[in-house]
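# Structural features, examined
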Amino acid sequence: MPLVPRHIQDLESYKPGRNINDVKEELGLDNIIKLASNENPLGPSPKAIEAVKSSLCDNFRYPDASAMLFRTKLADRFNIKLENVTVGAGSEGVMSAIMRTFLRIGDEIIAADNSFIGFRVLANASGIRTSWVPLENYRHDLLGMATYINDYTKIIYLANPDNPTGTYFTIDEFDVFMDQVPDRVLVILDEAYFEYAQHIDNYPDSMHYRYDNVITLRTFSKAHGLAGFRAGYGFAHEDLIENLMKVKLPFEPSWPAQVAAMEALDDEKYIQSTVRNCHTGMRVLETVFQEMEIEIIPSAANFITLIFNNGEEAIEFNERMLHNGIILRHLAGWGLPNCVRVTIGTEKENDYLIQSLSKILDPV
Ligand SMILES: Cc1ncc(COP(=O)(O)O)c(C=O)c1O
């Protein structure tokens, strides 16, 4: 098809996790637990849902094109200026605007291999040459990534914690890395799982830095439980934000997404209970996996990745769990065919996962 550029023809489309209704129908099961997409198993804050309900009738109008109210709320919450905040339809919406704003033919990107697949799709769709730098022991090899910087490098993408490994890089590692990055290179620091990691002593919360060439991305899809609404945000120097605001789609996120996000941001108790649920579940599951001698990657996020001896074992495990009513994520699409990712669930879901593990594990 000559109309379609070669890099788009070659693009592999994103394959989302299995959907609950499809699995119910296919396997004839009544109850399905989905621990596949790192969503908040407790759902959204009830206050956010109430706010959306009462704003429904406002939606015959376009929202404010520059999302002033939402951006002001974020600026106040994080003690920065409005000029330093952008928003989008999920953090992927902001990522997409970044690619459209800053990249030109001839530029290059550096990113870690086996990292967030959404960025991989955006990079491949842009047609921009990208160096995919191998992970080192499932962690970003920041110094290795720095060696790929050349005169053409425009963007370096880092996810901290990373998905699907859950690993993070430390304050010291980030400082040493940033010493190697020229000011003309934009670093995207994707902190989608920030709420789960912020308690870790040596986690480099990017809000404590003032780099003019770093843009922080965060989302309402994970700890805030609003994945379906599509709301994310970015913090950066005002010059970057000013240009991003020119390129971003004018009315994203939708008004219901903005309303839900603003309310969720205020519901700090809800976030605390979400994070508590995750940390408790993580401790329980880590112990169980260790007792069952299933290798894991220690995680700073709301999921944990299991390592099997080979791809066949991972597929077998994933399939057996599916037939037991639990949707997990086999990571072949991320280039990790021997791994399966498990999102931390509610206490009840985690208990069911543990029961199912003992039932199916003999012998994978
Ligand atoms: C590292 C990372 N960044 C960004 C996202 C996308 O988030 P959003 O739903 O805000 O687009 C995800 C979602 O899985 C993720 O894991």
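Before any of the text, the structure's been laid out above.
Cut-offs applied
- Residues numbered from 1 in each chain as written.
- Predicted model: local features only at pLDDT ≥ 70, side-chain atom pairs only at ≥ 80, totals over all residues.
- Heavy atoms only, no water.
- Pairing = 2+ DSSP bridges.
- Helix = DSSP H or I, 4+ residues; strand = E, 2+ residues; numbered from the N terminus.
- Axes fitted to C-alpha atoms, helices over the stretch in contact; angles between N-to-C directions.
- Phe/Tyr/Trp six-rings, centres within 6.5 Å; stacked < 30°, edge-to-face > 60°.
- Buried < 20%, exposed > 50% of the residue type's maximum accessible area, 1.4 Å probe, protein only.
- Lys NZ or Arg CZ within 6 Å of the ring centre and 35° of its normal.

Pairing within the open sheet is mixed, and its seven strands lie in the order β2-β8-β7-β6-β5-β3-β4. At either margin of the open sheet sits one strand with a lone partner, and together these are β2 (85-88) and β4 (129-133). If you compare each strand with its neighbour and ignore which way they point, the axes differ by 20° on average. Sheet analysis places β2 next to strand β8 (residues 232-235), joined by four bridges and oriented antiparallel.

This structure, assessed with the given rule, holds 14 aromatic pairs. Between Tyr209 and Tyr211, the aromatic rings sit 5.6 Å apart at their centres with planes inclined by 15°, giving stacked as the arrangement. Residue Tyr209 is classed as buried on the basis of its relative accessible area, which comes to 16%. Residue classification places Tyr211 among the partly exposed positions, given a relative accessible area of 29%. Ring geometry for Tyr233 versus Phe235: centroids 5.3 Å apart, planes at 65°, classification edge-to-face. Chaining the aromatic ring pairs together yields one cluster made of Phe70, Phe78, Phe220, Tyr233 and Phe235. The ring of Trp132 is capped by Arg120, whose NZ or CZ atom sits 4.1 Å from the centre of that ring.

Everything listed is a geometric property; what it means functionally is a separate question.
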